[in-house]
Amino acid sequence: MTSTEEPVASIEMTKATSTPIRALTPILETESGTEDSTITFHLDADLKVIIQGSDDNPAIYMVCASALACASPIWRSMLYRDAAHARGVKDEAGDNQVQTLELESDSKAISLLFHIVHYDFSHVPQEPTLNQLFELCKSACQYRCTHLFYPWANQWTSRLANFVAEADCYSECHKALYVAWTFGEMKLYRDTVDALIVSTKVDFNGKIVNVSGQPLEDMLMPLELLEIITKARASTIAKILDAVRAPIHVLSSGAQSERGVYCKVGKDTQPCEIMMLGSVIPALTKAGLFPVPEPEKFTGSIEGLKDTLDKVKTIPYVGREWMPHMSHESCNLGFRESVMICLKEMAVPLSSSIMSWMSDQAYTCGIKSTTELQQWRQRSEESSPKRVEQNDLVTSLEEQAEENCEAMSAGSAQEKPEGES
């Protein structure tokens, strides 16, 4: 009995030590799920790219390191320079020497860039949304690979040709502005800059914000453009408020002539203009525009100011001898016309650095240049130091050649025989 029981106990002990019980844990499930979510862009992929998103599940892509290095100088620097490991690249020993690259960007935008650099064009959208273009442009500018958009740039930007007429233009125009900045699309850039100028206002902190309350200084735009927008907004508001102040000053001071300035009929001008003045002041007071504020104290937007003045109506004068063809209903103080003139004459000068960037990006992305951009390029080439030096050299050589010709002519005249004339 003893000899029979001992082998049984030995076998049981052997089984217990060789096959320990191991329960499944959430950690193993997470690791398995992470591996399954990896997207491979090429069969010979030798680089793992990890993009940490807002959630706990990062996007993992397997790509060809050489393709990324050819597409972006930033990626090439991160992969192949001596300081690569300090910038986030590390080798995974025991995993066939696969490198790991960690990026901070939008995972969907990076995925699209990877499809392009691996020649998988079937995933490139023909009609991307504005948000998709915005994120794509941010990533492309971050890694300096906007040249990848050359085949699609004109098609993508053409869909935004009428963007300023859309309902959400003022709240989204900063995104369209960045898209135009990335592609070098000059018309869209001008349109969106104008939209920002007329829609921005000043918040209680004294910052220039858009209709959604987002400060312009927090948006992706050149600092010098923020200064341009601020100055253009201030100057345009000053002109509009001056146009509101002028007729009130003229009519309230009694400086109007007998012929009248604002009456269109030419008869009963004084009572007509007094009636208009008396009817607009209550409306302006209710809108906070009377007394007319100083431009630096006006915090609203140009668009809001325009809408307010459009709603200001004058009460037409009706005389004792009223006749249909002598109606004063068309008489007004010219607020609407003045606003339209101010908006039409709104000057938005762009600096040479902005124009230079737009010119380079239009060339890089294959965007057809506007007349404004072509004229700027021509002026820039003519005024460039190299061009000036070349012109000076040509002029100097021509002058030297003329002097040599004159000297040769004088010498030949002296060598003529005395009998020749």
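Fair warning: this is a prediction, and the values are worked out from it, not measured in the lab.

(A) Quick look at the overall build of the protein. Of the regular secondary structure elements, the protein holds 16 helices and 7 strands. Put simply, the protein has 421 residues, and 38% of those count as buried. For the protein, the share of sequence-separated contacts (at least 6 apart) that also reach a separation of at least 24 residues comes to 65%. Here the protein has roughly 25600 Å² of accessible surface; of this, 53% comes from carbon and sulfur atoms.

(B) Structural context of the environment of Leu 216. By the secondary structure assignment, Leu 216 is in the loop between strand 7 (208-209) and helix 10 (223-252). For Leu 216, a relative accessible area of 1% translates into the label buried. Taking the C-alpha atoms as reference, Leu 216 lies 9.5 Å from Ile 229; in sequence the two are 13 residues apart.

(C) The arrangement of the pattern of salt bridges in detail. In the structure shown here, the tally under the stated rule is 9 salt bridges. One network of salt bridges, in which partners are shared, links Lys 306, Asp 310 and Arg 336.

(D) Main features of the nonpolar core. Judged by nonpolar contacts, the single largest core of 102 residues is most densely connected at Val 49, Phe 114, Phe 183, Tyr 189 and Leu 225. Ignoring anything within four residues of it in the chain, the contact list for Phe 183 reads Leu 133, Cys 137, Phe 149, Ala 153, Trp 156, Thr 157, Gln 361, Ala 362, Cys 365 and Ile 367.

(E) Broad picture of unusual backbone geometry. Pro 291 follows Phe 290 through a cis peptide bond whose omega is -5°. The residue Pro 291 is located in the loop between helix 11 (269-286) and helix 12 (302-311) in this model. One non-glycine residue, Tyr 119, lies in the positive phi region at around 60°. When you line up the elements, Tyr 119 lands in the loop between helix 5 (107-117) and helix 6 (130-142).

(F) Structural context of the packing of helix 10 against helix 13 (residues 335-344). Contact geometry of helix 10 with helix 13 gives a least axis separation of 9 Å together with a crossing angle of 155°. For the element pair helix 10 / helix 13, the angle class is roughly antiparallel. As helix 10 runs across helix 13, the sense of the crossing is right-handed. Listed contacts from helix 13 to Thr 236, Lys 239, Ile 240, Ala 243, Val 244 and Pro 247 of helix 10 are Phe 335, Ser 338, Val 339, Cys 342 and Leu 343. Classifying every residue of the contact of helix 10 with helix 13 gives 8 nonpolar, 2 polar and 1 charged.

(G) Seen up close, helix 8 (residues 169-183). Remark: the principal bend of helix 8, roughly 30°, maps to Lys 175. With 12 of 15 residues buried, helix 8 lies mostly within the body of the structure. Restricting attention to buried positions, one finds in helix 8 the residues Cys 169, Cys 173, His 174, Lys 175, Ala 176, Leu 177, Tyr 178, Val 179, Ala 180, Trp 181, Thr 182 and Phe 183. Looking at the packing, one finds that the buried side of helix 8 touches helix 6, helix 7 (153-158), helix 9 (186-199), helix 10 and helix 14 (352-365). Just beyond helix 8, the residue with positive phi is Gly 184, at close to 75°.

(H) Here's a closer look at the pairing of strand 5 (residues 98-103). Extensive coverage of strand 5 is indicated by the burial of 5 of its 6 residues. As defined by bridge partners, strand 2 (residues 47-51) adjoins strand 5 across 5 bridges and the pair is classed as parallel. Bridge pairing in strand 5 links Ile 50 to Glu 102.

(I) Main features of helix 4 (residues 73-80). Residues of helix 4 that are buried: Trp 75, Ser 77, Met 78 and Leu 79. Here helix 4 starts with a cap whose side-chain oxygen sits 3.1 Å from the backbone nitrogen of Ile 74, and that cap is Ser 72.

(J) Structural detail: the packing of helix 12 against helix 13. At a minimum axis distance of 9 Å, the contact between helix 12 and helix 13 shows a crossing angle of 155°. Comparing their axes, helix 13 and helix 12 come out roughly antiparallel. Considering only the axes of helix 12 and helix 13, their crossing is left-handed. Between helix 12 and helix 13, the residues in contact are Ile 302, Lys 306, Leu 309 and Asp 310 and Phe 335, Arg 336, Val 339, Met 340 and Leu 343, respectively.

(K) Main features of the packing of aromatic side chains. One pass over the full model with this rule turns up 14 aromatic pairs. Measuring from ring centre to ring centre gives 6.0 Å for Trp 152 and Trp 156, while their planes differ by 15°; the resulting arrangement is stacked. A single burial state applies to Trp 152 and to Trp 156, both of which are buried. These aromatic residues form a ring-pair network of at least three members: Tyr 119, Phe 121, Phe 149, Trp 152, Trp 156 and Phe 183.

(L) Molecular detail of the side chain of Thr 157. Among the secondary structure elements, Thr 157 is positioned in helix 7. With a relative accessible area of 6%, Thr 157 lands in the buried category. A polar contact of 2.9 Å, which involves the side chain of Thr 157, links it to the backbone oxygen of Ala 153. A distance of 3.3 Å separates the side chain of Thr 157 from the backbone oxygen of Asn 154, its partner in a polar contact.

Cut-offs applied
Residues numbered from 1 in each chain as written. Predicted model: local features only at pLDDT ≥ 70, side-chain atom pairs only at ≥ 80, totals over all residues. Heavy atoms only, no water. Helix = DSSP H or I, 4+ residues; strand = E, 2+ residues; numbered from the N terminus. Buried < 20%, exposed > 50% of the residue type's maximum accessible area, 1.4 Å probe, protein only. Contact = heavy atoms within 4.5 Å. Areas by Shrake-Rupley, 256 points an atom, 1.4 Å probe, with all protein chains shown as cover. Salt bridge = Lys/Arg side-chain N within 4 Å of Asp/Glu carboxyl O. Core = buried A, V, L, I, M, F, W, Y, C linked by side-chain atoms within 4.5 Å. Axes fitted to C-alpha atoms, helices over the stretch in contact; angles between N-to-C directions. Parallel < 35°, antiparallel > 145°, perpendicular 65-115°, else oblique. Left-handed = near helix turned anticlockwise from the far one by under 90°. Nonpolar A, V, L, I, M, F, W, Y, C, P; charged D, E, K, R; others polar. Bend = angle between axes of the 7 residues up to and from the residue. Pairing = 2+ DSSP bridges. Polar contact = N/O pair within 3.5 Å; in protein donor to acceptor, adjacent residues only side chain to side chain. Phe/Tyr/Trp six-rings, centres within 6.5 Å; stacked < 30°, edge-to-face > 60°.

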